[in-house]
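Chain residues, written in single-letter form:
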Amino acid sequence: MGFILKGIASITDTGLNGAILQIISHGFIGAALFFLAGTSYDRIRLVYLDEMGGVAIPMPKIFTMFSSFSMASLALPGMSGFVAEVLVFLGIITSQKYLLMPKIAITFVMAIGMILTLIYLLSMSRQIFYGYKLFNTPNSYVFYSGPCELFVSISIFIPVIGIGMYPDFVLSLSVDKVEGILYNYFYR
């Protein structure tokens with residue numbers, strides 16, 4: 001949410017396009033993480049992180065997809081979040097509406113937010129998949145990841161990678177509208 005607001009506040013075409021791309025990216029990645037969290041809950045019936053641990057071994061497919069989407073949420077290069085965040089950073093830096101010190105302050109706050117997100121997601125993943133309390137169950141079939149879960153995860157993962165590798169497809173849909181908005185409201 002912070003990157004979206006900062007992209008809009010940059011009042012540049014690069015920042016606004018980055019905000020639009022971040023909205024789309026956040027939709028895909030957030031939906032996937034909620035889907036995988038629900039799938040994990042259906043399998044192990046645990047909610048609290050301190051009760052989980054060692055789930056990576058019995059659920060390797062869900063672990064792989066959860067890790068991949070966590071890295072996408074952290075804006076790993078080659079994924080849609082990376083392109084969106086770079087565009088927002090460039091929009092803030094190239095904005096003519098702000099002086100140098102506010103640009104530096106905004107960039108610093110954005111960097112702190114990225115570091116805190118990194119700490120949160122990696123510690124959560126470590127606790128769930130490699131935690132100290134090992135999760136044991138007598139029925140190992142419960143952890144089987146069926147074709148439906150894999151199909152949904154891969155169907156969401158393809159656009160995340162596709163937008164990250166070729167963002168012009170999405171940006172070409174919004175460039176004209178963003179320029180029109182900026183011209184009508186800010187550059188008269």
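Below or above, wherever it landed, is the structure these notes cover. On a predicted model such as this, the values are computed, not experimentally measured, just so you know.

Observations concerning unusual backbone geometry
Now for step 1: At Ile11, a residue that is not glycine, the phi angle is positive and equals roughly 55 degrees.
Now for step 2: Among the structural elements, Ile11 can be located in the loop between α1 (2–9) and α2 (13–44).

Considering the packing of aromatic side chains
Now for step 1: Tallied over the full model, the rule gives four aromatic pairs.
Now for step 2: Ring centres of Phe66 and Phe129 lie 5.5 Å apart, and the angle between their planes is 65 degrees; this geometry places the pair in the edge-to-face category. Pair noted here: Phe66 is in helix α3 (residues 60–73) and Phe129 is in helix α5 (residues 100–130), with a separation of 63 residues, a long-range link. Comparing Phe66 with Phe129, the two get one shared label, buried.
Now for step 3: Following the ring pairs from residue to residue traces out a cluster consisting of Phe63, Phe66, Phe129 and Tyr130.

Re the nonpolar core
A general trend in soluble globular proteins is that nonpolar side chains are found buried together.
Now for step 1: Ranked by internal contacts, the top residues of the largest apolar core, which has 25 residues, are Leu36, Ile44, Phe66, Phe69, Phe129 and Val160.
Now for step 2: The set of elements that each furnish at least two residues to this core consists of α2, α3, α5 and α6 (147–165).
Now for step 3: Leu21, Ala84, Leu87 and Val170 belong to the second-largest nonpolar core, a separate cluster that totals seven residues.

Re the side chain of Ser153
Now for step 1: Position of Ser153 relative to the elements: it lies in helix α6.
Now for step 2: Polar contacts involving the side chain of Ser153 include one to the main-chain carbonyl oxygen of Glu149, which spans 2.9 Å.
Now for step 3: The residues contacting Ser153, other than those within four sequence positions of it, are Phe35, Leu36, Met65 and Phe69.

A closer look at α1
Now for step 1: Those residues of α1 that sit buried are Phe3, Ile4 and Gly7. One side of α1 holds all its buried residues, which, seen down the axis, span an arc of 100 degrees.
Now for step 2: Positive phi shows up at Ile11, right after α1, with a value of about 55 degrees.

Observations regarding the packing of α2 against α3
Now for step 1: Where α2 contacts α3, the two axes come as close as 10 Å, and the packing angle between them is 150 degrees. One way to sum up the angle between α2 and α3 is to call them roughly antiparallel. The handedness of the crossing between α2 and α3 comes out as left-handed. In contact with Ile29, Ala32, Leu33, Leu36, Ala37, Thr39, Ser40 and Arg43 of α2, α3 contributes Ile62, Met65, Phe66, Phe69, Ser70, Ala72 and Ser73.
Now for step 2: Per-class residue counts for the contact of α2 with α3 are 10 nonpolar, four polar and one charged.

Cut-offs applied
- Residues numbered from 1 in each chain as written.
- Predicted model: local features only at pLDDT ≥ 70, side-chain atom pairs only at ≥ 80, totals over all residues.
- Heavy atoms only, no water.
- Helix = DSSP H or I, 4+ residues; strand = E, 2+ residues; numbered from the N terminus.
- Phe/Tyr/Trp six-rings, centres within 6.5 Å; stacked < 30°, edge-to-face > 60°.
- Buried < 20%, exposed > 50% of the residue type's maximum accessible area, 1.4 Å probe, protein only.
- Core = buried A, V, L, I, M, F, W, Y, C linked by side-chain atoms within 4.5 Å.
- Polar contact = N/O pair within 3.5 Å; in protein donor to acceptor, adjacent residues only side chain to side chain.
- Contact = heavy atoms within 4.5 Å.
- Arc of directions from axis to C-beta.
- Axes fitted to C-alpha atoms, helices over the stretch in contact; angles between N-to-C directions.
- Parallel < 35°, antiparallel > 145°, perpendicular 65-115°, else oblique.
- Left-handed = near helix turned anticlockwise from the far one by under 90°.
- Nonpolar A, V, L, I, M, F, W, Y, C, P; charged D, E, K, R; others polar.

Without other data, these values stay purely geometric and don't point to any function.
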